[in-house]
Amino acid sequence: RRRHQLKMATASALQGLFRTRLSLSTVPRGVFLSTATEAAQKPAKKAEGAKKAEGGKKEAGASSKASKKDKATPFPPPPPLSINDFTLLLKDYGVKGDAAREKSARNCTYWIPPVDVKSLDDKQFVRGGYGQRIAQMASHNHIFQDVFSEAFAPTKNFVVSFGETQLHRGNVIPQAATLVKPTIKFSGENDTPFAICLVNPDGCLSSSPSSVVHWLVTNIRNGDVSSGTELVPYLPPVPFKATGYHRLVAVLLHQTAPVDWALPAASTFLSERHLDTAAFFSTHKLVPRGLAFAQLIHDPAVTIPGLTPPELMPLRA
């Protein structure tokens, strides 16, 4: 380890020396003269710049405060691993306990094979920083601003797939793959009830805070979706023509109280599926624990049977 640190320090020092020589060799002779002239004029320019800065600060004060509120705060990167977590991570990769692999890891020659995230348990999922990466991509795609009331890092390995097409962290999926109900995989927790909500925050054209609910199942026990209560039957996503990419967001929610809610009417109108998800989660005390999302766009070759066409949809008041 010490030998490797020494190699890295020597390499960085040589790179810095090479960059300095390269920058000096590529500067024309006339530049040195102009630089000396600029250095003599610097004190006067500094005084002028200070006066301008004082006046500009007062004008920009109010506008900067307003712009800070409008900007979405990016989700922080994963925290550094502790020694204990790093040791457990080495065990996950099969390095700890194998003398040959430990030696190659110390010499920086050990190749870590690709990890099948679907097979990880919740502890390995959190330890590997996968929840933090999902949260960063969700923040980038404005998932937290449009679906939730606050940002969070998923703590459960939540796998959502339409056949062989899986929802990851904003990947593009074909609309034809979503015609069938998705398969869900997650680990249960001692008979604790969970709920699954599948929404499209870009599918509601008449009211901005709402999303279109495509599927809602509650009271799921031991990771078995068939044991739950289907409050909203599955409806495939409907990205309208010329509306760009729509986000499809699947959320795993921990139930702390029974959910007493259902659709206002059994209708094929999309307007009946409008829901303010942030208020709904807060009212029914649903805590998000897992997250997966993808993007899809209108496909003219796909038709959804039994769905009322968009031109016949009544607009909400």
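Please refer to the structure higher up on the page.
## A word on the overall build of the chain
So, point 1. In terms of helices and strands, the chain carries 8 helices and 10 strands.
So, point 2. Per-residue burial over the chain gives 34% buried out of 317 residues.
So, point 3. Once local pairs closer than 6 in sequence are excluded, the contacts in the chain between residues at least 24 apart make up 73%.
So, point 4. For the chain, the exposed area adds up to about 19700 Å²; of that, 58% sits on carbon and sulfur atoms.

## Some thoughts on a nonpolar patch on the surface
So, point 1. On the surface, a nonpolar cluster with roughly 290 Å² of combined accessible area is contributed by Val172, Tyr245 and Ile297.
So, point 2. On the secondary structure map, Ile297 appears in the segment after β10 (286-296).
So, point 3. Owing to a relative accessible area of 38%, Ile297 belongs among the partly exposed residues under this scheme.

## Let's talk about the pattern of salt bridges
So, point 1. Taken as a whole and judged by the stated rule, the model has 7 salt bridges.
So, point 2. Glu189 is paired through a salt bridge with Arg289; the nearest N and O atoms lie 3.0 Å apart. Here Glu189, found in the loop between β4 (183-185) and β5 (194-200), pairs with Arg289, found in strand β10; they are 100 residues apart in sequence, far enough to count as distant.
So, point 3. Note on Glu189: relative accessible area 26%, which makes it partly exposed.
So, point 4. Judged by relative accessible area, which is 18%, Arg289 ranks as buried.
So, point 5. Note that Arg247 and Asp202 form a salt bridge whose closest N and O atoms lie 2.8 Å from each other. Pair noted here: Arg247 is in strand β8 (residues 246-255) and Asp202 is in the loop between β5 and β6 (211-220), with a separation of 45 residues, a long-range link.
So, point 6. For Asp202, a relative accessible area of 24% puts it in the partly exposed group.
So, point 7. Through salt bridges with shared partners, a single network forms among Asp122, Lys156, Glu189 and Arg289.

## Quick look at the packing of aromatic side chains
So, point 1. In total, this model carries 9 aromatic pairs according to the counting rule given.
So, point 2. Between the aromatic rings of Phe144 and Phe148, the centroid separation amounts to 6.1 Å while the plane-to-plane angle is 55 degrees, which identifies the pairing as tilted. Across the pair, Phe148 and Phe144 agree in class, each one buried.
So, point 3. Here the aromatic rings of Phe144 and Phe152 are separated by 5.5 Å at their centres, their planes lie at 65 degrees, and the arrangement is edge-to-face.
So, point 4. On the basis of relative accessibility, which here comes to 11%, the residue Phe152 falls in the buried class.

## A word on helix α6 (residues 130-140)
So, point 1. All buried positions along α6 are accounted for by Tyr130, Gly131, Ile134, Ala135, Ala138 and Ser139.
So, point 2. His142 occupies a position one or two residues after α6 and carries a positive phi of about 60 degrees.

## Section: the nonpolar core
So, point 1. One finds Phe148, Val249, Phe281 and Leu291 to be the most contacted residues of the largest nonpolar core, which totals 28 residues.
So, point 2. Those elements giving two or more residues to this core turn out to be α6, α7 (143-147), β5, β6, β7 (229-232), β8, α8 (277-283) and β10.
So, point 3. With 4 residues, α6 is the largest single contributor of residues to this core.
So, point 4. Ala177, Ile184, Leu252 and Ala294 belong to the second-largest nonpolar core, a separate cluster that totals 22 residues.

## As for unusual backbone geometry
So, point 1. Positioned with a positive phi, His142 is a non-glycine residue whose angle comes to about 60 degrees.
So, point 2. As for its position among the elements, His142 is in the loop between α6 and α7.
So, point 3. The phi dihedral of Asn219 is positive, around 55 degrees, even though this residue is not glycine.
So, point 4. For Asn219, the position within the fold is in strand β6.
So, point 5. Classification of Asn219 as partly exposed rests on a relative accessible area of 28%.

## Points about the sheet that holds β4
So, point 1. An order of β2-β1-β4 is seen for the 3 strands of this open sheet, with the pairing classed as antiparallel. Each edge of the sheet is formed by a strand with only one pairing partner; in this case those strands are β2 (165-167) and β4. Between one strand axis and the next, the sheet turns by 25 degrees as a mean value, whatever way the strands run.
So, point 2. Both strand β1 (residues 159-162) and β4 contribute to a ladder of 3 bridges, which runs antiparallel. Paired with Val160 across the strands is Ile184, a residue of β4.

Rules used throughout
- Residues numbered from 1 in each chain as written.
- Predicted model: local features only at pLDDT ≥ 70, side-chain atom pairs only at ≥ 80, totals over all residues.
- Heavy atoms only, no water.
- Helix = DSSP H or I, 4+ residues; strand = E, 2+ residues; numbered from the N terminus.
- Buried < 20%, exposed > 50% of the residue type's maximum accessible area, 1.4 Å probe, protein only.
- Contact = heavy atoms within 4.5 Å.
- Areas by Shrake-Rupley, 256 points an atom, 1.4 Å probe, with all protein chains shown as cover.
- Patch = residues over 30% accessible without salt bridge, like charges linked within 9 Å, V, L, I, M, F, W, Y side chains within 5 Å.
- Salt bridge = Lys/Arg side-chain N within 4 Å of Asp/Glu carboxyl O.
- Phe/Tyr/Trp six-rings, centres within 6.5 Å; stacked < 30°, edge-to-face > 60°.
- Core = buried A, V, L, I, M, F, W, Y, C linked by side-chain atoms within 4.5 Å.
- Pairing = 2+ DSSP bridges.
- Axes fitted to C-alpha atoms, helices over the stretch in contact; angles between N-to-C directions.

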